[in-house]
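Chain and residue survey
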Amino acid sequence: MIDYSVALRGAFFDIAAVADSADDIASHARYLDDGVLFLRDGRIHALLPWQEAEQYLHPLTGYRDLRGKLLLPGFVDAHVHYPQTEMIGAFGEQLLEWLTTYTFPVERQFADADYAAEIARFFVSQLLSHGTTTALVFCTLHPESVDALFSEALRLDMRLLAGKVMMDRHSPEYLSESAEQSYRQTRELIQRWHQRGRLGYAITPRFAPTSTPALLAAVQQLREEFPDTWLHTHLSENLNEIAWVKNLWPEHEHYLDVYHHYQLAGPRSVFAHAIHLADAEWQCLHDTGSAVAFCPTSNLFLGSGLFRLPTCWHHQVRMGIGSDVGAGTTFSMLRTLGEAYKVSQLQSYRLCASEAFYHATLGGARALRLDDYIGNFHPGKEADFVVIDPAVTPLQQLRSERCKDIYEQLFVLMTLGDERNISETWVNGKRVWGNAAEE
Ligand code: GUN
Ligand code: ZN
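Residues numbered from 1 in each chain as written. Chains lettered and ligands numbered in written order. Predicted model: local features only at pLDDT ≥ 70, side-chain atom pairs only at ≥ 80, totals over all residues. Heavy atoms only, no water.

Moving on to the environment of Asp147. Positionally, Asp147 belongs in helix α5 (residues 143-155). Owing to a relative accessible area of 22%, Asp147 belongs among the partly exposed residues under this scheme. The residues touching Asp147, leaving out its near neighbours within four places in the chain, are Leu189, Arg192 and Trp193. There is a polar contact of 2.8 Å between the side chain of Asp147 and the side chain of Trp193. (Helix = DSSP H or I, 4+ residues; strand = E, 2+ residues; numbered from the N terminus. Buried < 20%, exposed > 50% of the residue type's maximum accessible area, 1.4 Å probe, protein only. Contact = heavy atoms within 4.5 Å. Polar contact = N/O pair within 3.5 Å; in protein donor to acceptor, adjacent residues only side chain to side chain.)

If you want it as C-alpha cells, here you go:
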C-alpha cells in the first residue's frame with residue numbers, strides 16, 4: 001500500500017537527470033502517457049504507470065482524473081524583475097536609455113511598503129498563472145520591496161530567491177545609497193529571510209556601472225559572511241554598456257573580470273544575459289561553477305543581441321531561461337522558449353523541445369543549484385508542477401491532433417502556447433492556481 005495524500009492521473013513528461021549535452025538530455029527524457037503521481041507531505045512520493053499504480057489506490061482517497069492533460073515540472077524563471085511588471089512593453093529604447101527613461105522612475109515607487117505589497121501579490125499571481133513555480137528575482141533598492149515579495153512567497157510556500165538591488169553610483173538621487181548602507185540593509189535582510197521556509201537570499205548588485213569599488217567590496221564581504229547565499233547581477237548585455245564598463249574599470253581585461261576581482265563568480269552566482277562574452281569569460285564562468293540566464297524576449301525587445309547557446313554548451317556553463325520582465329515581454333515560459341528557438345535558428349542551432357523544456361525545468365534548477373529539490377518528478381523532490389491543457393484554441397486543437405509524438409506536442413506548445421494552456425499550478429504539494437470549479 002502507498003500512503004499518499006493526493007493522486008493525480010494523466011500524462012507526464014520530465015527529464016530524469018542533469019545533462020552535459022543536448023543529446024544527453026534526449027536520452028534522459030521520460031514520457032508516461034498514462035501515469036499516476038502520488039504526493040505526500042508536499043513531496044513527490046512516486047510516479048507510476050497506470051497499470052502498476054492502480055493496485056495502490058485507496059478506495060476512499062481515490063485519484064483525480066486529469067487524462068487529456070500533460071503534467072510537467074514547474075517552470076523555473078532564472079532572471080526576472082518584479083518591480084518592472086507594470087512597465088512591460090515600454091517603447092523605443094535600448095538598455096541604458098530604457099533604464100533612465102522608464103525603469104528608475106518605476107522602481108522609485110517601491111519605497112512605499114503598501115505599493116510594494118500590492119505589486120508583489122500581483123507579480124506572484126502572474127508567476128503562478130503562467131506555470132512558474134520558482135524564480136530568481138530582482139527587487140528594488142528599498143528593503144520594503146524585499147519584505148513584500150518574500151512575505152507573499154512565504155505565504156504560498158514557494159521556492160523563491162530574491163534580493164535588494166545594491167547601487168551606489170550613476171543612478172538618480174532618489175535611487176541612491178552609500179556602499180555602507182547597502183551592506184547594512186542587505187545584511188539585515190539576509191538575517192530576516194535567508195533559508196526561511198523555501199526562500200533564499202540573492203545578493204543583488206545591479207551591474208558594474210552602478211557599483212563603486214566600495215560597493216563590490218561590500219558584496220564580497222557579504223558573500224564571505226554568508227557563503228550559502230546567491231549572487232545575482234547583469235553581465236555583458238548591451239554594447240554601450242560594455243564600453244561604459246571598460247571606461248569605468250580600465251584596469252580589467254573583460255567585463256566579468258570586474259566581478260571576478262571581488263570573488264563574485266562562483267557556485268550560486270547567476271549572471272543575466274551574458275551575450276557578448278569573450279572566450280576567456282566563458283572559461284571563467286565554467287571554472288568558477290557560475291551560471292548564466294538566457295533571456296530571449298528581453299534580448300530581442302531591447303535589441304541587445306543573440307545569446308550563443310552552442311557556445312554555452314561548448315564551455316559547459318550552467319544556464320537557465322529568464323523572462324527578464326519588464327525588459328522581457330512575457331511571463332510565459334512557453335512563449336519564452338518559442339523565442340529561444342528563434343534566437344537559436346538565427347545561429348543555425350536547432351533547439352529541440354526536450355532541450356528547451358530541460359532548460360525551463362531541471363536545467364534552470366541546476367543553474368540555481370536547486371536541482372536536489374526541484375526540476376523533475378523524482379521521488380523525494382518538492383511537488384512543484386504544472387497541469388497543461390495542450391489544446392485551448394481551435395488552432396492548437398487542429399495542430400495538436402496531428403502531432404505524432406510527445407516531442408512534436410511539446411514543440412507546438414512552445415510555438416503556439418502561452419498562459420492559456422496552464423490549467424493548474426501546484427507548489428509544495430498544494431494547488432495554488434487553477435480552476436477550482438472542476439472539483
Ligand atoms: N542592467 C542593469 N539593470 C537592468 C535591468 O533592470 N534590466 C535589464 N534588462 N538589464 C539591466
Ligand atoms: Zn534584468
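Text resumes after the structure shown.
Cis geometry is adopted by the peptide bond preceding Gly326, which originates at Val325 and carries an omega value of 5°. Position of Gly326 relative to the elements: it lies in the loop between β13 (318-321) and α13 (333-345). In this model, Gln263 sits at a positive phi of 60°, which is unusual for a non-glycine residue. With a phi angle near 90°, His273 is a residue other than glycine that sits in the positive phi range.

Quick look at the coordination of the zinc ion (ligand 2) now. Taken together, His79 (NE2), His81 (NE2), His234 (NE2) and Asp324 (OD) make up the full set of protein donors to the zinc ion (ligand 2), lying 2.0 to 2.5 Å away. Note that the zinc ion (ligand 2) binds four donor atoms; their angles at the metal cover 83 to 172°, and the shape is irregular. Linear spacing of the donor residues for the zinc ion (ligand 2) on their chain is H-x1-H-x152-H-x89-D. You can see His79 sitting in strand β5 (residues 75-81) and its partner His234 sitting in strand β10 (residues 230-235), a full 155 residues away along the chain. Assigned by exposure class, His79 and His234 land together as buried. (Donors = N, O, S within 2.8 Å, 3.2 Å for Na, K, Ca; no water. Tetrahedral: all angles 85-135°; square planar, octahedral: opposite > 155°, others 65-115°.)

What follows concerns the environment of Leu154. When you line up the elements, Leu154 lands in helix α5. Under the relative-accessibility criterion, Leu154 is labelled partly exposed at 29%. Distance in space between the C-alpha atoms of Leu154 and Gly197 is 6.5 Å, their sequence separation being 43 residues. Apart from the residues within four sequence positions on either side, Leu154 is in contact with Trp193, Arg196, Gly197 and Leu199.

What follows covers the packing of aromatic side chains. The final tally for this structure, using the stated rule, is 19 aromatic pairs. Between Trp282 and Phe307, the aromatic rings sit 6.1 Å apart at their centres with planes inclined by 65°, giving edge-to-face as the arrangement. With a gap of 25 residues between them, Trp282 in helix α10 (residues 279-288) and Phe307 in the loop between α11 (296-301) and α12 (309-314) connect regions that are remote in the sequence. Comparing Trp282 with Phe307 shows no difference in burial state: the two are buried. For the pair Phe294 and Phe307, a centre-to-centre distance of 4.6 Å together with 20° between the ring planes defines the contact as stacked. (Phe/Tyr/Trp six-rings, centres within 6.5 Å; stacked < 30°, edge-to-face > 60°.)

Turning to the sheet that holds strand β16 (residues 430-434), a few remarks are in order. Sheet architecture is open: seven strands sit in the order β3-β2-β1-β4-β14-β15-β16, paired in mixed fashion. Taken across any chain shown, the strands that pair with only one partner, and hence form the sheet edges, are β3 (43-49) and β16. The sheet shows a mean angle of 35° between the axes of neighbouring strands, direction not considered. Sheet topology note: the strand β1 (residues 6-15)/strand β2 (residues 29-40) ladder contains nine bridges and is antiparallel. Looking across to β2, one finds that Gly10 is bridged to Gly35. Packed onto the sheet, helix α4 (residues 113-129) meets β15 (422-427) and β16 and runs at close to 115° relative to β15. (Pairing = 2+ DSSP bridges. Axes fitted to C-alpha atoms, helices over the stretch in contact; angles between N-to-C directions.)

Okay, the environment of Glu241 next. With respect to the element layout, Glu241 can be found in helix α8 (residues 239-248). Sequence separation of Glu241 and Trp282 is 41 residues, and the distance between their C-alpha atoms is 18 Å. Excluding residues within four positions of it along the chain, Glu241 makes contact with Leu95, Leu96, Phe207, Pro209, Ser236 and Tyr255.

What follows covers the site of ligand 1. Taken together, His81, Gln84, Leu95, Trp98, Leu99, Arg206, Phe207, His234, Glu237, His273, Asp324 and Ala327 make up all the residues around ligand 1. Contact distances for ligand 1 include 2.7 Å between an oxygen atom and a side-chain N or O atom of Arg206. Between ligand 1 and Asp324, the relevant distance is 2.9 Å, taken from a nitrogen atom to a side-chain nitrogen or oxygen of the residue. Out of a free accessible area of 280 Å², ligand 1 has 100% covered by protein chains. No other element matches helix α3 (residues 95-108), which puts three residues into the shell around ligand 1. (Near = heavy atom within 4 Å. Areas by Shrake-Rupley, 256 points an atom, 1.4 Å probe, with all protein chains shown as cover.)

What follows is about the packing of helix α6 (residues 179-193) against helix α7 (residues 213-225). As a packed pair, α6 and α7 sit with axes 9 Å apart at the nearest point and diverge in direction by 25°. By the angle class used here, α6 and α7 are roughly parallel. Remark: the crossing between α6 and α7 carries right-handed chirality. In this structure, α6 contributes Ala179, Ser182, Tyr183, Thr186, Arg187 and Ile190 to the contact, and α7 contributes Ala214, Leu215, Ala218, Gln221, Leu222 and Glu225. Its residues assigned to classes, the contact of α6 with α7 shows seven nonpolar, three polar and two charged. (Parallel < 35°, antiparallel > 145°, perpendicular 65-115°, else oblique. Left-handed = near helix turned anticlockwise from the far one by under 90°. Nonpolar A, V, L, I, M, F, W, Y, C, P; charged D, E, K, R; others polar.)

This brings us to the side chain of His359. Within the secondary structure, His359 is located in helix α14 (residues 353-360). Of the polar contacts made by the side chain of His359, one reaches the side chain of Glu355; its length is 2.7 Å. Residues contacting His359, with those up to four places away along its chain left out, are Leu309, Trp313, Met319, Gly320, Ile321, Leu351 and Gly364.

A cluster of nonpolar side chains, Leu300, Leu306 and Leu346, forms an exposed patch at the surface whose accessible area comes to about 260 Å². Inspection of the secondary structure assignment puts Leu300 in helix α11. Under the relative-accessibility criterion, Leu300 is labelled partly exposed at 36%. (Patch = residues over 30% accessible without salt bridge, like charges linked within 9 Å, V, L, I, M, F, W, Y side chains within 5 Å. Salt bridge = Lys/Arg side-chain N within 4 Å of Asp/Glu carboxyl O.)

That's the geometry; what it means functionally is another story.
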